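Read off the chains here:
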Amino acid sequence: MDTTAEKTPVRLAIVGLGKIARDQHLPAIAAVPGFTVAAVASRNAALDGVPHFPTIEEMLEGAPDVDAVALCTPPQVRRAQAAAALAAGKHVLLEKPPGATVGELAPLAAAAAAGGRTLFATWHSRFAAAVEPARAFLAERAIRSVTITWKEDVRVWHPGQGWIWEPGGLGVFDPGINALSILTRILPRPVFLTAADLSFPANRQAPIAADLDFTDEAGTSIRAEFDFRQTGPQSWDIRVETDGGMLTLSHGGAKLDHDGRTLVDGTDAEYTGIYRHFAGLIARGASDVDVLPLSLVADAFLLGRRRTVEPFED
Ligand code: NAP
């Protein structure tokens, strides 16, 4: 193993200093050894004491000693930024979803491989505390059905984020894809979509709600309800009925219950997990790019019936 990365911190640039960069990336980077924030590229935001550039292009030019970039921008602009960073010889961490299309990921992965750089398409929910224990539990059980309920208030969690309603912004699939990233990690067999019902506000380009049916080669019933209009209690739950009882992941994958008994009640460690994994990938000269959750969302847009619902105003 190359120990250089352990001795010399990876000089990381944050690109897109918005909500997730401030809420999660900066605290996780501070908590995980092996990284230092060396630059920020953001049009409207800066960090005290850290070199600032309005765009990634200016940052790549003006801060050539940066080793890696964390792209915390909206998905529609991420491919071009990733391509520029890889061309400049940087390791690249992509926020989820990894892009605005499925097809744009293969050329990025090829560029990373050709340049000997790391490309990491993160799925933060896969680092939630209950996900790996749930995967281990389900590997040894027959699965009868899966029910996903992912309902949150878009006004609370995405205030003023206009990009989420634009083409490529995913609408309710922006949180919903987190559930799909967990689903595709914990189930022992590949799943595929059989039907989808998508609700589009009359004034928006992305769905505000989605009902999805999936199955697998064994014919398992897998249903998902995503809704951005949830007020009151919020739900980020996956219930799996098995021959060994009911497994419930709740709180976005942080908590695990089996027939009412709590097996895991984890603290939030998603982004520290992401940065530990990124450090390991860089040290090993490896990449990690799984497009499967994004493919399932693309399939929903391919196969989904569309209904128009009342306009949404922020
Ligand atoms: P955000 O608050 O809107 O921040 C994104 C930042 O990217 C903006 O502040 C903006 O900073 C920059 N940006 C560059 N080009 C932009 C463009 N064309 N349109 C809008 N902003 C642009 O969004 P976020 O919530 O941090 O989400 C960013 C990504 O992280 C999304 O893919 C999202 O799915 C993911 N994520 C978000 C959360 C969450 O809870 N918010 C959780 C997990 C993952 P400047 O104006 O300074 O350039």
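Residues numbered from 1 in each chain as written. Predicted model: local features only at pLDDT ≥ 70, side-chain atom pairs only at ≥ 80, totals over all residues. Heavy atoms only, no water.

**Q** Before we go on, may I ask you to explain the environment of Glu-225 in this structure?
**A** Positionally, Glu-225 belongs in strand S10 (residues 221-227). For Glu-225, a relative accessible area of 38% corresponds to the partly exposed category. Taking the C-alpha atoms as reference points, Glu-225 and Gly-171, separated by 54 residues in sequence, lie 14 Å from one another. Those residues in contact with Glu-225 that sit more than four places away from it in its chain are Ile-148, Thr-149, Trp-150, Lys-151, Ala-210 and Asp-211. Within polar-contact distance, the side chain of Glu-225 engages the side chain of Lys-151 at 2.9 Å. (Helix = DSSP H or I, 4+ residues; strand = E, 2+ residues; numbered from the N terminus. Buried < 20%, exposed > 50% of the residue type's maximum accessible area, 1.4 Å probe, protein only. Contact = heavy atoms within 4.5 Å. Polar contact = N/O pair within 3.5 Å; in protein donor to acceptor, adjacent residues only side chain to side chain.)

**Q** How should I be thinking about the pattern of salt bridges in this particular structure?
**A** Side chains that differ in sign of charge can pair as their charged atoms come close. Considering all chains together, one arrives at 12 salt bridges under this definition. Measuring nitrogen to oxygen at the nearest pair gives 2.9 Å for the salt bridge that ties Lys-151 to Glu-225. With a gap of 74 residues between them, Lys-151 in strand S7 (residues 143-151) and Glu-225 in strand S10 connect regions that are remote in the sequence. The closest approach of N and O atoms between Asp-227 and Arg-229, which form a salt bridge, is 2.9 Å. Since its relative accessible area comes to 16%, Asp-227 is described here as buried. Of the residues examined, Arg-229 reaches a relative accessible area of 44% and is grouped as partly exposed. Taken together, the shared-partner salt bridges in this structure form one network comprising Glu-132, Arg-135 and Arg-185. (Salt bridge = Lys/Arg side-chain N within 4 Å of Asp/Glu carboxyl O.)

**Q** Could you clarify how one ought to interpret the sheet that holds S10 in this entry?
**A** Picture the strands of a sheet paired through backbone hydrogen bonds; they go either parallel or antiparallel. If you walk across this open sheet you meet the 9 strands as S14-S13-S12-S11-S7-S10-S9-S8-S15, and the pairing is mixed. Here the strands that pair on one side only, and so sit at the sheet edges, are strand S14 (261-265) and strand S15 (305-309). The average undirected angle you get between the axes of adjacent strands in this sheet is 10 degrees. By the bridge criterion, 5 bridges tie strand S11 (residues 235-242) to strand S12 (residues 245-250) in an arrangement that is antiparallel. Within the sheet, the bridge partner assigned to Ile-238 lies in S12 and is Leu-249. (Pairing = 2+ DSSP bridges. Axes fitted to C-alpha atoms, helices over the stretch in contact; angles between N-to-C directions.)

**Q** Whenever I open this one, the site of the ligand confuses me. Can you help?
**A** In the vicinity of the ligand, 22 residues are found, and the nearest of them are Ile-20, Ser-42, Asn-44, Arg-78 and Asp-174. Arg-43 is positioned such that a nitrogen or oxygen atom in its backbone is 2.8 Å from an oxygen atom of the ligand. Here an oxygen atom of the ligand and a side-chain polar atom of Arg-78 are 2.6 Å apart. Protein contact buries 82% of the 870 Å² of open area that the ligand shows by itself. One can see that the ligand is located within the largest pocket. Here the residues of the shell around the ligand sort into 9 nonpolar, 7 polar and 6 charged. (Near = heavy atom within 4 Å. Areas by Shrake-Rupley, 256 points an atom, 1.4 Å probe, with all protein chains shown as cover. 1 Å grid on protein atoms, 1.4 Å probe; cavity = no way out; pocket = protein on both sides within 12 Å on 5 of 7 lines; lining within 4 Å. Sits in = over half its atoms within 2 Å of the grid points. Nonpolar A, V, L, I, M, F, W, Y, C, P; charged D, E, K, R; others polar.)

**Q** What is the right way to read helix H10 (residues 292-303) from this model?
**A** Each α-helix winds once per 3.6 residues, and so residues spaced three or four apart point in a common direction. Look at H10: 16 Å from first C-alpha to last across 12 residues, which is about the 16 Å you get at 1.5 Å a residue. Taken together, the buried positions of H10 are occupied by Pro-293, Leu-294, Ser-295, Leu-296, Val-297 and Ala-300. (Expected span 1.5 Å × (residues − 1).)

**Q** Sorry, what's going on with the packing of aromatic side chains here?
**A** In total, this model carries 10 aromatic pairs according to the counting rule given. When the ring of Trp-165 is compared with that of Phe-312, the centres are 4.9 Å apart and the planes differ by 35 degrees; the resulting orientation is tilted. In this pair, Trp-165 sits in the loop between helix H7 (154-157) and helix H8 (173-186) while Phe-312 sits in the segment after S15, placing the two residues 147 residues apart along the sequence. Trp-165 gets classed as buried once you look at its relative accessible area, which sits at 2%. Grouped by ring-pair contacts, the aromatic residues Phe-35, Phe-120, Phe-127, Tyr-275 and Phe-278 constitute a single cluster. Taking NZ or CZ as reference, Arg-141 lies 3.8 Å from the ring centre of Phe-137, over its face. (Phe/Tyr/Trp six-rings, centres within 6.5 Å; stacked < 30°, edge-to-face > 60°. Lys NZ or Arg CZ within 6 Å of the ring centre and 35° of its normal.)

**Q** Just to check I follow, could you spell out the packing of H8 against H10 for this structure?
**A** To describe two helices that pack against each other, one gives the angle between their axes and the distance between the axes. Remark: H8 packs on H10, axes separated minimally by 8 Å, with the N-to-C direction vectors making an angle of 125 degrees. With respect to their mutual orientation, H8 and H10 come out oblique. The hand of the H8/H10 crossing is right-handed. For the pair formed by H8 and H10, the contact residues are Phe-173, Ile-177, Leu-180, Ser-181 and Thr-184 on the first element and Leu-292, Pro-293, Leu-294, Leu-296, Val-297, Ala-300 and Phe-301 on the second. Across the contact of H8 with H10, the residue classes break down as 10 nonpolar, 2 polar and no charged. (Parallel < 35°, antiparallel > 145°, perpendicular 65-115°, else oblique. Left-handed = near helix turned anticlockwise from the far one by under 90°.)

**Q** Explain the sheet that holds strand S3 (residues 52-53) here, please?
**A** The strand order across the open sheet built from 6 strands is S3-S2-S1-S4-S5-S6, with neighbouring strands paired in parallel fashion. At either margin of the open sheet sits one strand with a lone partner, and together these are S3 and strand S6 (119-121). Bridge analysis of strand S1 (residues 10-15) against strand S2 (residues 35-41) gives 6 bridges, and the strand direction is parallel. Within S2, the residue paired with Arg-11 across the bridge is Thr-36. Against the sheet, helix H4 (residues 78-87) touches S1, strand S4 (68-71) and strand S5 (91-94), its axis set at about 165 degrees to S5. Across the sheet, helix H9 (residues 270-284) touches S1, S2, S4, S5 and S6, and the angle it forms with S5 is around 150 degrees.

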